[in-house]
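Survey of secondary and tertiary structure
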Amino acid sequence: MPPARSNTILDELERHYPDWQLNRSASNAIEACAYVIKDTTNASRLVFLAIDFLRYRENPYADEDRVRLRGEGINMVTGNIAEALMINANVLHEHDIPLPELLPPTLRRFSRHDHPAIRALILERLPYLQNRNPELGWDIFRRAMQNSSGLWRSAERCLYYAYHNHFEKVAPLLDRICSE
């Protein structure tokens, strides 16, 4: 999608907010835009639209199997939003563009989401962010894994890619895996 089209989509979502408020089509549009937005201004617009989805409630059922969590998460409205935020954060870091002010706290809030499928999606896209922005990445990891022993399979890549450079952070987590 060309960046100009993402601007048009964001314009539509903002202008006709009541028509798009908290629905699957809006979450799909936000996720599609996340891949191409490479400036702080439009990333801020995307985050602002995404914040409202924190209050969206979906099916409380979740299986602790990684594949099922991923499948459940990508089929959830809130899952689209969580992935959109992670995708955009990674795109911005990839192009050395500063994150908009609201993106880190919004990622932190989604990383504590009640539904483990949402947290699993965040964990699957987290290794790049952990590498590029360790302070934010490890904070999101910590929040997502609080009281979440069933998410270790989803968190595996976060530990695998950090093992060599951040052993001091990974070692206690390996002990925690054994105890949980």
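Structure first, text after, so check above.
Below or above, wherever it landed, is the structure these notes cover.

Reading the values: the criteria
- Residues numbered from 1 in each chain as written.
- Predicted model: local features only at pLDDT ≥ 70, side-chain atom pairs only at ≥ 80, totals over all residues.
- Heavy atoms only, no water.
- Helix = DSSP H or I, 4+ residues; strand = E, 2+ residues; numbered from the N terminus.
- Rg over C-alpha atoms; globule rule 2.2 N^0.38 Å.
- Contact = heavy atoms within 4.5 Å.
- Core = buried A, V, L, I, M, F, W, Y, C linked by side-chain atoms within 4.5 Å.
- Buried < 20%, exposed > 50% of the residue type's maximum accessible area, 1.4 Å probe, protein only.
- Phe/Tyr/Trp six-rings, centres within 6.5 Å; stacked < 30°, edge-to-face > 60°.
- Arc of directions from axis to C-beta.
- Salt bridge = Lys/Arg side-chain N within 4 Å of Asp/Glu carboxyl O.
- Axes fitted to C-alpha atoms, helices over the stretch in contact; angles between N-to-C directions.
- Parallel < 35°, antiparallel > 145°, perpendicular 65-115°, else oblique.
- Left-handed = near helix turned anticlockwise from the far one by under 90°.
- Nonpolar A, V, L, I, M, F, W, Y, C, P; charged D, E, K, R; others polar.

Description of the overall build of the chain
What the chain contains, in helices and strands, is eleven helices and zero strands. From first element to last, N terminus to C terminus, the chain shows the α and β order α-α-α-α-α-α-α-α-α-α-α. Computed over its C-alpha atoms, the radius of gyration of the chain comes to 16 Å, within 12% of the 16 Å expected for a compact globule of 180 residues. Each of the three principal axes of the chain carries a C-alpha extent, and together these read 50 × 35 × 25 Å. Partitioning the contacts of the chain with sequence separation of at least 6, the portion at a separation of at least 24 is 69%.

Considering the nonpolar core
Core analysis: the biggest nonpolar cluster contains 54 residues, and Leu-85, Leu-107, Phe-110, Leu-123 and Phe-141 have the highest contact counts within it. With ten residues, the top contributor of residues to this core is helix 6 (residues 77-94). Setting aside chain neighbours within four positions, we find Phe-141 in contact with Leu-123, Leu-126, Gln-130, Trp-152, Ala-155, Cys-158, Leu-159 and Leu-173.

As for the packing of aromatic side chains
Taken as a whole and judged by the stated rule, the model has four aromatic pairs. A ring pair is formed by Phe-53 and Tyr-56, whose centres lie 6.5 Å apart and whose planes are at 50°; its orientation type is tilted. Ring geometry for Tyr-163 against Phe-167: centres 5.3 Å apart, planes inclined by 90°, an arrangement best described as edge-to-face. The partly exposed category is assigned to Phe-167, whose relative accessible area is 41%.

Details of helix 7 (residues 103-111)
Taken residue by residue, helix 7 has Leu-103, Pro-104, Thr-106, Leu-107, Phe-110 and Ser-111 as its buried positions. Taken end-on, helix 7 shows its buried residues confined to a sector of 165°, consistent with a single buried face. Where helix 7 is buried, its residues contact helix 4 (40-51), helix 6, helix 8 (116-132) and helix 9 (134-145).

Points about the environment of Pro-104
Note that Pro-104 resides in helix 7. If we skip the residues at most four places from it in the chain, Pro-104 touches Leu-99 and Leu-136.

Some remarks on the pattern of salt bridges
The final tally for this structure, using the stated rule, is eleven salt bridges. Between Arg-125 and Glu-83 there is a salt bridge, with its nearest N and O atoms 3.1 Å apart. Of this pair, Arg-125 sits in helix 8 while Glu-83 sits in helix 6, placing them 42 residues apart in sequence. Taken together, the shared-partner salt bridges connect Asp-11, Glu-14, Arg-15 and Arg-45 into one network.

Quick word on unusual backbone geometry
Apart from glycine, the bulk of residues carry a negative phi angle, and the bulk of peptide bonds sit in the trans form. For Leu-22, which is not a glycine, the phi torsion comes out positive at approximately 50°. By the secondary structure assignment, Leu-22 is in the loop between helix 2 (17-20) and helix 3 (24-34). Leu-22 sits in the buried class, given a relative accessible area of 17%. We note that Asp-96 has phi near 55°; this positive angle belongs to a residue other than glycine. Relative to the helices and strands, Asp-96 is located in the loop between helix 6 and helix 7. In this structure Asp-96 comes out as exposed when scored by relative accessible area, which is 61%.

Comments concerning the packing of helix 8 against helix 9
At a closest axis distance of 8 Å, the pairing of helix 8 and helix 9 adopts a crossing angle of 155°. Judged by the angle between their axes, helix 8 and helix 9 are roughly antiparallel. The crossing of helix 8 and helix 9 is left-handed. Of the residues in helix 9, those in contact with Arg-119, Ile-122, Leu-123, Leu-126, Leu-129, Gln-130, Asn-131 and Arg-132 of helix 8 are Pro-134, Leu-136, Gly-137, Trp-138, Ile-140, Phe-141, Ala-144 and Met-145. In the contact of helix 8 with helix 9, the residues fall into eleven nonpolar, three polar and two charged.

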